[in-house]
Amino acid sequence: MLIHHSKPTIDKQETKAVSLVLKSGHLAQGKIVRQFEEAFARSTGCRFALALNSGTAALHLALLGLKIAPGDEIILPSYVCTAVLNVIYYLGAVPRIADIKRDDFNIDPKSVAKLISPKTKALIVPHMFGLAADMDALRKFSIPIVEDCALSTGATYNKRKVGSFGKVSVFSFYATKMMTTGEGGMLLTNDKAVFSQALDLRDYDNKESYQLRFNYKMSDLAASIGLIQLKKLPKFIIHRQKIAQRYNKTLSGLPIQLPIQGGKRMHTYYRYVVGVKDLSSVIGQLMAYGIEAKRPVYKPLHHYLKLDFKDYPVTQEVYSSALSLPIYPDMSVLSVNKVSLKLRKILKH
Ligand SMILES: *Cc1c(COP(=O)(O)O)cnc(C)c1O
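Residues numbered from 1 in each chain as written. Predicted model: local features only at pLDDT ≥ 70, side-chain atom pairs only at ≥ 80, totals over all residues. Heavy atoms only, no water.

> I would appreciate a short explanation of the packing of aromatic side chains in the present structure.
For the structure on display, the rule yields 12 aromatic pairs. On the basis of an interplanar angle of 15° and a centroid distance of 4.6 Å, the ring pair of Phe48 and Phe195 is categorised as stacked. In this pair, Phe48 sits in strand 1 (residues 48-52) while Phe195 sits in helix 7 (residues 192-201), placing the two residues 147 residues apart along the sequence. Comparing Phe48 with Phe195, the two get one shared label, buried. When the centroid spacing of 5.5 Å and the interplanar angle of 90° are considered together, the rings of Tyr157 and Phe165 count as edge-to-face. (Phe/Tyr/Trp six-rings, centres within 6.5 Å; stacked < 30°, edge-to-face > 60°. Helix = DSSP H or I, 4+ residues; strand = E, 2+ residues; numbered from the N terminus. Buried < 20%, exposed > 50% of the residue type's maximum accessible area, 1.4 Å probe, protein only.)

In structure tokens, the structure reads:
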């Protein structure tokens, strides 16, 4: 049987919650969404939370909240999915692409420093694979930060939850993220004006005056799943950390680079990423053993944008070596052992 790369963790609690909403007859955005927002805000220590139907919608409203206009420059790392790039183009803004750090795959403050110009209006900081970026260094630039916590819901930095550092922060609840609502997202902020605007733009109905608005609403059906997943999140994180520790042990001594420990950052191990030689071949050989491993980022942005590869030495190196092994909260010890054993065999150790 195939060992999946990632998988949602759902049990009868979610099934029951959804069926209660179905039976209530109120399926769309309503009081369950508001409960989910309140619970989410509480869990991060932020004042305002707005539930949305995707992380992309949250990013879009976040940038609108920062009053991004055509021609404004926004700094983001190359090593991230294209959702982040798309929202910059939604607004006619200009992406400025930074390199990353080798040890944690997060945006490199030194690279950011070189991209800052008078037109810089925002810095998007994705916390990659469950480990927070270097917020102390990044905040020193005094550029409004959008924290992208899509891959790191529940992670902390100096004991503070990610999402509580940026002027505005976004989360994704896609099926295989840290927690899920099927599809979904959340915007967090302590800024009343940013929140009020995002609240207004989330839906189009019953408005006094016309302006361009969206349908970015989450349904009560989705929120009922989210409420349960949020309660389970601390357990999900503990399970992921245990699996990571088991990998650390069973993969030790191999000629591969293991993930770093978090230190003052709590690693939630959304991904367990190792560095290997002959990446494509290793992925193929694992698949032949029924193990689904992947490049954790499909393709870096500087490839899509045809920027000079020389300006992205670390992203290039990571792209050619980073291998994401299967990890999800209810992955069995047996499966972890099998992955390690087969990887050892492939690497002939
Ligand atoms: C998944 C993801 C998004 C987009 O979220 P969706 O819910 O799929 O729209 C944005 N940024 C990062 C870093 C992501 O991983």
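Continuing now.
> Explain the site of the ligand to me, please; I cannot follow it from the model alone.
The local shell around the ligand holds 14 residues, among which Gly55, Thr56, Asp148, Ser172 and Lys177 are the closest. One of the side-chain N or O atoms of Thr56 is found 2.6 Å from an oxygen atom in the ligand. Contact with the protein chains covers 87% of the free accessible surface of the ligand, which is 380 Å². For the shell around the ligand, the secondary-structure elements that each account for two or more residues are helix 3 (55-65) and helix 4 (82-90). Per-element accounting of the shell around the ligand gives the leading share, three residues, to helix 3. (Near = heavy atom within 4 Å. Polar contact = N/O pair within 3.5 Å; in protein donor to acceptor, adjacent residues only side chain to side chain. Areas by Shrake-Rupley, 256 points an atom, 1.4 Å probe, with all protein chains shown as cover.)

> Got a minute to help me understand the sheet that holds strand 3 (residues 94-98) in this structure?
Two orientations exist for strands paired in a sheet by backbone hydrogen bonds: parallel and antiparallel. Reading across the sheet, the seven strands line up as 1-9-8-5-4-2-3 and stay open at both edges, with mixed pairing between neighbours. The outermost strands of the open sheet, each flanked by one partner alone, are strand 1 and strand 3. Direction aside, neighbouring strands of the sheet carry axes that sit 20° apart on average. Where strand 5 (residues 145-148) and strand 8 (residues 168-172) come together, three bridges link them in parallel fashion. (Pairing = 2+ DSSP bridges. Axes fitted to C-alpha atoms, helices over the stretch in contact; angles between N-to-C directions.)

> Is there a simple way to explain the sheet that holds strand 7 (residues 160-161) in this structure?
Spatial ordering of the open sheet is given by 7-6-10, a layout of three strands whose pairing is antiparallel. Only two strands of the sheet have a single partner each, and these edge strands are strand 7 and strand 10 (265-266). Bridge count between strand 6 (residues 156-157) and strand 10: two bridges; the pairing is antiparallel. Bridged to Thr156 within strand 10 is Met266.

> I'm lost on the pattern of salt bridges in this one. Help?
A pair can form between side chains of opposite charge whenever their charged atoms are brought close. The final tally for this structure, using the stated rule, is 13 salt bridges. A salt bridge links Asp72 to Lys121; the shortest N-O distance between them is 3.4 Å. Of this pair, Asp72 sits in the loop between helix 3 and strand 2 (73-77) while Lys121 sits in strand 4 (residues 120-126); the two residues are 49 residues apart in sequence, bridging distant segments of the chain. By relative accessible area, Lys121 is classed as partly exposed at 35%. Note that Lys101 and Asp104 form a salt bridge whose closest N and O atoms lie 3.6 Å from each other. What makes Asp104 buried here is its relative accessible area of 2%. Within this structure, Asp11, Glu14 and Lys232 form a network of salt bridges that share partners. (Salt bridge = Lys/Arg side-chain N within 4 Å of Asp/Glu carboxyl O.)

> Just checking my understanding: could you explain the pairing of strand 11 (residues 272-275) for this structure?
As a general feature of sheets, a regular strand has side chains that alternate between the two faces. Burial along strand 11 is two-sided: the residues Tyr272 and Val274 and Val273 and Gly275 are all buried. Alignment of strand 11 against strand 12 (residues 322-325), held across four bridges, turns out to be antiparallel. If you follow Val274 over to strand 12, its bridge partner there is Leu323.

> Mind showing me how you'd approach the side chain of Thr181 here?
Along the chain, Thr181 falls in the loop between strand 8 and strand 9 (185-189). Of the polar contacts made by the side chain of Thr181, one reaches the backbone oxygen of Glu183; its length is 2.8 Å. Other than its neighbours up to four places away in sequence, Thr181 contacts Phe36, Phe173, Met218, Ala222, Ile225 and Gly226. (Contact = heavy atoms within 4.5 Å.)

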